[in-house]
Amino acid sequence: MAKPNGHEAARMIPLSTPVFQILLSLNDRDLHGYGIIQDISARTEGEVILSTSTLYGAIKRMIRDDLIRQSDMRPDPDLDDERRRYYGITEFGREVARCEARRIHKLAETIKKTRFVERTS
Amino acid sequence: MLPSRPDFPRPLSVKLFAVAIRVLLPSSLHEEFAEDLETTLLDQQRAVRREAISIRAAFWVREIWGLIATAFRESYPRSLGDRRKRRRVNPPAPKRSRNMISSLRQDATYAFRMILKTPVVTIIAVVSLAIGIAANTTIFSLVNSWLLKPLPYPDADRLVLVWQNDRVESDDTENVTVANFWDWRAEATSLGDWTASQFQTMNLTGLDRPEQLTIARVTPDYFRVLGAEPMLGRTFHIQEGGTEDSPVAVVSETLWKNRFGAAPDLIGSTVVLDGRSYSVVGIMPETFDFLLGTVGIWVASDFGDQRHNREDQTLLVTARVIPGVTVQQAQSELTALAARLETQHPETNEGIGVNVETLRDAFPGETDTGLVQILMAVVVLVLLIACVNVASLLMAKTDARQKEIAVRVALGAGKGRLVRQLLTESVILALIAGALGTALSVWGVGFLNTAFPPEIPANYYPTIDGTVLGFSVAISLLAGLTFGLTPATQAVGGSLHSPLVEGSRGGTATRRKKRIRGAFVMAEFALALTILVGAATLTDLFHRKLAIDPGFDPDNVIKMELTLPEYKYTDDASRVAFFDEVQRRIATVRGVRAFAFASALPRTRYLPLADFTIDGLTYGVNEQPSTSWLTISPEYFGRMGIEVRAGRAFTDTDRSETHPVIIVNQRMVDQYFDGDVPLGRRITIHGESREVIGVAANIAQTRLSGLMAPSATVYFPLAQEPVPGMNILLRAQADPYQLASPVQSVVWEVDRDQPITAVQTIQEYVATQLAGPNTMTRILFIVGLLALALAAIGIYGVMAYSVSQQTSEIGVRMALGAKPRQVLMRIGRQGLRLAGTGLLLGVPLAALVVNFIGSIVTNAASEGLEITRTLSTCPIATVAAILIAVGLVACAIPARRATKFDPMVALQTE
């Protein structure tokens, strides 16, 4: 597989909410499925809660698209459950997340300039 | 990768969801992530399982929604862009590995379109089915709450009731004496957790007004054994209940709220019951009840005052079978114990056996269980009729779609696929009907609840819970498959190409279809006959109970109950003095037109029995007859409008000091005096020889009057037999309720602490006494009407359709010179043949139902009730006549229309 480049990453955005949130959760550590759901829920203060099916639908697509990979990481054996798998972000995934973050940031700037939020709220 | 079984238990919900995932998600997803996905699901389920129901519900809604959305997303890439992205790494999955969701979605969409295309058929089908499903769900809620739902006590399946039975007199179960209870409890090894309760009426005083309550004296471990936790305070300590100075009590939440304003400081204070103070230690929540749902206060007692009493059967005894021991083994052990007590205490225990009964067997009794089973069977038959209706409707519809189906086959659709398509339509119809039916059953269950007397514990009230909903969904699916299968297989059976051949009559019924349709008509007749005969027999039975001439005049009469506490009114003289004084004062209350006292009202649930002997006759041991009895004031017969047929009524001169007299009812005369008026004869009853001075007409004295023969009854004058519990009956000029409060004040002038309960007009009282049978009659009447209506619609539909199929044949006949009358006769004969065969098939079924009803009623009879009439009036002939009339009308209307057709037009009809 060719090394993904910035152009490839730009083609992936915009990302769906679950995909972007999963990338954010995996940015600094590997997590298992339940960990991802909990992390997203906590970070968004309950605004985004993924269902199990949505999570794994997204995980499947993200692994296929090389955004994340299955991680070999295993925690302390006492806490471990061998049925659980851990997932980690790939370099390409990080690049895509950055692209998306920049897009959203730009979007936010635009919104700020048009003072759209202030006017409607 | 084969997923290995998780090594910790998964709850049912997670298991079911895992199955749903396997079915709905593409194999590429669930195969790869199965274990991980389930673990994550389980983690989440564990995190929410102790949360409030709303949070759990939100979790499952989210999961189900997510699953459906993911299933669609995985099957249908949303945009070209999405597909393009996919191709970047992987080629698209080969078509074969796609999940079944895509074809399912296609089927469903198509089914909806077809269902909406024929709105009339859809509405008739949905309404028919919804009625059937509503009836089933409603009656199932009763089955569920009575027979299926676990009882709300720990290890409830090991809880038993232990009764005494008197082998000499009858095998009836009876309450247990205190001494026997303690002996059994001390010695039995197969039973543990023994507890006993004794129900009494006591007067609660010391508040703004006195109140009569049902009190349960219970052994101190009572609440522990039943696993009941107080909502406030505590339950009894094991050492309580002796003869301590300040006995303890637990108050029910209802009483605490109604009489103590829900004051939290009630705990630690005292309540006064029959003049004795009890300190309140706890409040029991409303949700707790055990066998008798109306207890106001529980007081701890070891029944020490009756420790050696082997005569008064007062205790309701509960115990738990030791794990590993069967109820039969416990029964044998206790039988042996009882036999030993017989030899030790022959004077009291001779002939006393023991009966161990599981809690589940104790309530509902056999009769009620039987009735519920009949109802369930009847409504299942109603649903079957609805299914037959819908099946025949759909068959007609599929006939009309023969060409469409042939086209689809020609274009490459497999037969299996077509059947699935048609079944999808049926199932969707059934599910819509199921939703509507379940909504209707909410009303039905509410109606059922109005029929329950308050003493039935809340646990037995029917509700719509998960089990009932599950049942509703299951019968909807089953109904969909039942009525969908025949038309679906019939549609694709036979040659599928012939309809496409030019000029072929795509809609002409083949011989096979005709046979199926004939079978439908016969089934409708057979089922309708069975249901209607069953419903009519039962309705007739209940109706007889209600329709009987009560023998008294209930207009503008109000009743109130007084129960004089025995600690205060210790002898007859004090009670006579009290009632005399109250009578004297009531006479002065304005608006009272007349009043009387009676210890029992007509249509009562319970009438005491007493043994008696007719003076001058000799009786063998245990051969004494017994009679119902009640105490009345002299005015009773006149005020209630009960006829005195011979002799005289009581007068004010029948006093305790004058010679003892009684009045008997007509039944007593017929049963024990061969119809000779026994004026002047003497009867020994309640230990005294008394002269018969009058004969009163029979009245509907017990709740079951009408169904059962009237019982022999003896009336005592109030002054000679002043029982503590009396009813005051007041007849008013107008609104009798206006008398309630002045009469209460008059009673309180005589005794400030005397409570008055159950203030009601006689009509209201009778209505509550008869609520159960009344509702049963109404339910059966409604079910019967539904069955008749559904059957009529179905019979008409099938008949009309099959006549319309013969339009061209009729045309030929008329063109060849047949008269309309001949055509009508021919079609009528066809219809009659089907109806006749159906009815003949229905007769054995109907007989079976009648037989079953008979066995239940006989069962009731063996419980000591005498059945007045047999089931000989069984209305098979009437019902059959009605159904034949329906069938003839159903033939005649379309046949007449067919004969009106111009033969040429009829011939051209396809």
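Everything numeric in this text was worked out from a predicted model, so none of it was measured.

Draft legend 1. Region of interest: the sheet that holds strand 1 (residues 31-32) of chain A. Residues and elements named next belong to chain A. What the 3 strands build is an open sheet, ordered 1-3-2; its pairing is antiparallel. Each of the sheet's edge strands pairs with one partner strand only, and the pair in question is strand 1 and strand 2 (68-71). Judged from the 2 bridges that link them, strand 1 and strand 3 (residues 86-89) form a sheet pairing that is antiparallel. Bridged to leucine 31 within strand 3 is tyrosine 87.

Draft legend 2. Molecular detail of the interface of chain A and chain B. Tallying the contact residues gives 19 residues for chain A and 27 residues for chain B. Counting only elements with at least two residues in the side of chain A that touches chain B, the list comes to helix 3 (33-43) and helix 4 (52-64) of chain A. Among the elements that line the side of chain A that touches chain B, the one with the most residues is helix 4 of chain A, at 7 residues. Taken together, the residues of the side of chain A that touches chain B sort by class into 5 nonpolar, 6 polar and 8 charged.

Draft legend 3. Seen up close, helix 18 (residues 572-586) of chain B. All names here are of chain B. Helix length check: helix 18, at 15 residues, gives a terminal C-alpha distance of 21 Å against a target of 21 Å (1.5 Å per residue), a fit within 8%. Within helix 18, burial applies to Arg575, Phe578, Phe579 and Val582. Projected down its long axis, helix 18 shows its buried positions confined to an angular sector of 90°, all on one face. Turned more than 90 degrees from where helix 18 packs its buried face, Ala573 and Arg584 sit exposed. Elements in contact with the buried residues of helix 18: strand 13 (592-598), strand 21 (725-732) and helix 21 (740-750).

Draft legend 4. Spotlight on unusual backbone geometry. A cis amide bond links isoleucine 13 of chain A with the next residue in sequence, proline 14 of chain A, at an omega value of 0°. Relative to the helices and strands, proline 14 of chain A resides in the loop between helix 1 (6-12) and helix 2 (17-26). For glutamate 45 of chain A, which is not a glycine, the phi torsion comes out positive at approximately 55°. Residue placement: glutamate 45 of chain A occurs in the loop between helix 3 and helix 4. Phi at aspartate 674 of chain B is positive, roughly 50°, even though this residue is not glycine. Structurally, the position occupied by aspartate 674 of chain B is in the loop between helix 20 (666-672) and strand 18 (682-685).

Draft legend 5. Spotlight on the packing of helix 3 of chain A against helix 2 (residues 27-48) of chain B. Running from N to C, helix 3 of chain A and helix 2 of chain B cross one another at 45°; their axes reach a closest spacing of 8 Å. When the axes of helix 3 of chain A and helix 2 of chain B are compared, the pair comes out oblique. Here helix 3 of chain A contributes Gly33, Tyr34 and Ile37 of chain A to the contact with helix 2 of chain B, which in turn contributes Asp36, Thr40, Asp43 and Gln44 of chain B. A breakdown of the residues in the contact of helix 3 of chain A with helix 2 of chain B according to their chemical character gives 2 nonpolar, 3 polar and 2 charged.

Draft legend 6. Broad picture of the nonpolar core. Residue and element names in this part refer to chain B. Counting residues in each nonpolar core, the largest one holds 89 residues, and the members touching the most others are Leu129, Val382, Ile385, Ala528, Leu529, Val783 and Ala787. Counting residues per element, this core draws most heavily on helix 13 (residues 366-400), which supplies 19 residues. For alanine 787, the residues in contact, after removing those within four places along its chain, are Val382, Ile385, Ala528, Ile531 and Leu532. Counting residues in hydrophobic clusters, the runner-up holds 56 residues, among them Ile662, Ile663, Ala712 and Leu739.

Draft legend 7. Spotlight on the environment of alanine 890 of chain B. Residue and element names in this part refer to chain B. Here alanine 890 shows up in helix 26 (residues 876-900). Owing to 24 C-beta atoms within 10 Å, alanine 890 belongs among the buried residues under this scheme. When the C-alpha atoms of alanine 890 and isoleucine 795 are compared, they prove to be 6.7 Å apart, with 95 residues separating the residues in sequence. Aside from chain neighbours lying at most four places away, what touches alanine 890 is Ile795, Tyr796, Met799 and Ala800.

Draft legend 8. Structural view of helix 22 (residues 762-769) of chain B. Residue and element names in this part refer to chain B. Taken together, the buried positions of helix 22 are occupied by Ile762, Tyr765, Val766 and Gln769. The buried residues of helix 22 occupy an angular sector of 95° when the element is viewed end-on, so they sit on one face. For helix 22, the secondary structure elements touched by its buried residues are strand 12 (557-563) and strand 22 (756-761).

The rules behind these values
- The residue numbering used here restarts from 1 in each chain and proceeds along that chain's sequence as written.
- Here chains are named by letter from A upward and ligands by number from 1 upward, in the order in which they appear as written.
- Under the rules for a predicted model, residues below a pLDDT of 70 receive no local features and side-chain atom pairs below 80 are neither given nor counted, while totals for whole chains, interfaces and linings still include all residues.
- Being paired, for any two strands, means DSSP has found at least two bridges between them.
- The numbering of helices and of strands both runs from the N terminus, where a helix is a DSSP run of H or I of at least 4 residues and a strand a run of E of at least 2.
- A pair of residues counts as a contact when their C-beta atoms, built from backbone coordinates, are within 7 Å of each other.
- All residues other than Ala, Val, Leu, Ile, Met, Phe, Trp, Tyr, Cys, Pro, Asp, Glu, Lys and Arg, Gly among them, are scored as polar; the first ten of these are nonpolar and the last four charged.
- Multiplying 1.5 Å by the helix residue count minus one yields the expected span of that helix.
- A residue is called partly exposed when the number of other C-beta atoms within 10 Å of its own lies between 12 and 20, exposed at 12 or fewer, and buried at 20 or more, with C-beta atoms placed from the backbone.
- To obtain the arc, one takes the directions from the helix axis to the C-beta atoms.
- Axis definition: a line fitted to C-alpha atoms, limited for helices to the stretch in contact. Angles are taken between N-to-C directions and run from 0 to 180 degrees.
- By the definition adopted for this analysis, an angle is roughly parallel if under 35 degrees, roughly antiparallel if over 145, roughly perpendicular if from 65 to 115, and oblique otherwise.
- Nonpolar cores are built from buried Ala, Val, Leu, Ile, Met, Phe, Trp, Tyr and Cys residues. These are joined into a set through C-beta atoms within 7 Å.

Bear in mind that shape data such as this cannot, by itself, settle questions of function.
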